[in-house]
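# Residue-level structural notes
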Amino acid sequence: RLRKRFRSTLLSRYHTMVGAWLQMDPRGHGRISFYDFCRACRDMGYERETKPLWEALDRNRDGFVSLDELHGRTAKLLAAFRAALVEAHGSAEV
């Protein structure tokens, strides 16, 4: 339930999960630490239940949250898009 409410908050603020993830992971590491997660939550005014929410998001308990853990469907779509770019153009780099 926490995950669902948080994703709804992200969508209402950033309109897409990709937009939300880019705000949460601005350096493009592909994963965020608890510190970065708390910073992102604070920046968007979402300062409630951050620890239980983190625990719900960090499914593999590695101390990081990835886009796949935040919203697996979006992560799969982006991976498929990247694969199509690589196949068609040899790279997904700009």
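Numbers given to residues run from 1 along each chain, matching the order in which its sequence is written. In view of the model being predicted, local features appear only for residues whose pLDDT reaches at least 70, and side-chain atom pairs are presented and counted only at 80 or more, with totals across whole chains, interfaces and linings using the full set of residues. Each side-chain value is derived from all of the structure's non-hydrogen atoms; neither hydrogens nor water enter the calculation.

Turning to the overall build of the protein chain, a few remarks are in order. Counting its regular elements, the protein chain contains six helices and two strands. Going from N to C terminus, the protein chain has its helices and strands arranged as α-α-β-α-α-β-α-α. Here the positive residues are Lys and Arg and the negative ones are Asp and Glu; neither His nor the chain ends is included. A single reference atom marks each charge: NZ on Lys, CZ on Arg, CG on Asp, CD on Glu. One finds the centroid of the 17 positive side-chain charges in the protein chain at a distance of 6 Å from the centroid of its 12 negative side-chain charges. Helix and strand labels come from DSSP, where a helix needs a run of H or I of at least four residues and a strand needs a run of E of at least two; each type is numbered from the N terminus.

Two cysteine sulfur atoms make up a disulfide if the distance between them is within 2.5 Å. For the structure on display, the rule yields zero disulfides. Here cysteine 38 is not cross-linked by a disulfide; its sulfur's nearest cysteine counterpart is in cysteine 41, at 6.4 Å. Three labels apply to residues, based on accessible area from a 1.4 Å probe with only protein chains included: buried if under 20% of the type maximum, exposed if over 50%, partly exposed otherwise in between. Owing to a relative accessible area of 1%, cysteine 41 belongs among the buried residues under this scheme.

It is worth spelling out the packing of aromatic side chains at this point. Aromatic rings from Phe, Tyr and Trp, with only the six-membered ring used for Trp, were paired whenever their centres fell within 6.5 Å, and each pair was classed as stacked if the ring planes differed by under 30 degrees, edge-to-face if by over 60, and tilted otherwise. Here the structure, examined in full by the defined rule, presents four aromatic pairs. Here the aromatic rings of phenylalanine 34 and tryptophan 54 are separated by 5.4 Å at their centres, their planes lie at 70°, and the arrangement is edge-to-face. Placement of phenylalanine 34 in helix H3 (residues 34-43) and of tryptophan 54 in helix H4 (residues 50-57) is noted, with a sequence separation of 20 residues between them. The exposure class of phenylalanine 34 is partly exposed, given its relative accessible area of 30%. Here a set of aromatic residues connected by ring pairs shows up, and it is made of Phe6, Phe34, Phe37, Tyr46 and Trp54.

As a further point, take a nonpolar patch on the surface. Every patch collects residues that have over 30% relative accessible area and no salt bridge, joining them within 9 Å if they carry like charges and within 5 Å if they are nonpolar side chains (Val, Leu, Ile, Met, Phe, Trp, Tyr). Where accessible areas are quoted, they stem from the Shrake-Rupley method and a 1.4 Å probe; at the residue level, only the protein chains shown are allowed to cover. A pairing counts as a salt bridge when a side-chain nitrogen of Lys or Arg comes within 4 Å of a carboxyl oxygen of Asp or Glu. Residues Val18, Leu22 and Leu78 make up a contiguous nonpolar surface patch of roughly 240 Å² in combined accessible area. By the secondary structure assignment, valine 18 is in helix H2 (residues 17-24).

Residue glutamate 49 is not a glycine yet carries a positive backbone phi of 55°. Mapped onto the fold, glutamate 49 is located in the loop between H3 and H4. Although it is not a glycine, arginine 61 adopts a positive phi angle of roughly 55°. Secondary-structure assignment places arginine 61 in the loop between H4 and strand E2 (64-66).

What follows deals with the pattern of salt bridges. Inspection of every chain in the model, using the stated rule, returns five salt bridges. We note a salt bridge from arginine 5 to glutamate 49, for which the minimum N-O separation is 2.5 Å. Residue arginine 5 is found in helix H1 (residues 2-14), and its partner glutamate 49 is found in the loop between H3 and H4; the two are separated by 44 residues along the sequence. For arginine 5, a relative accessible area of 33% puts it in the partly exposed group.

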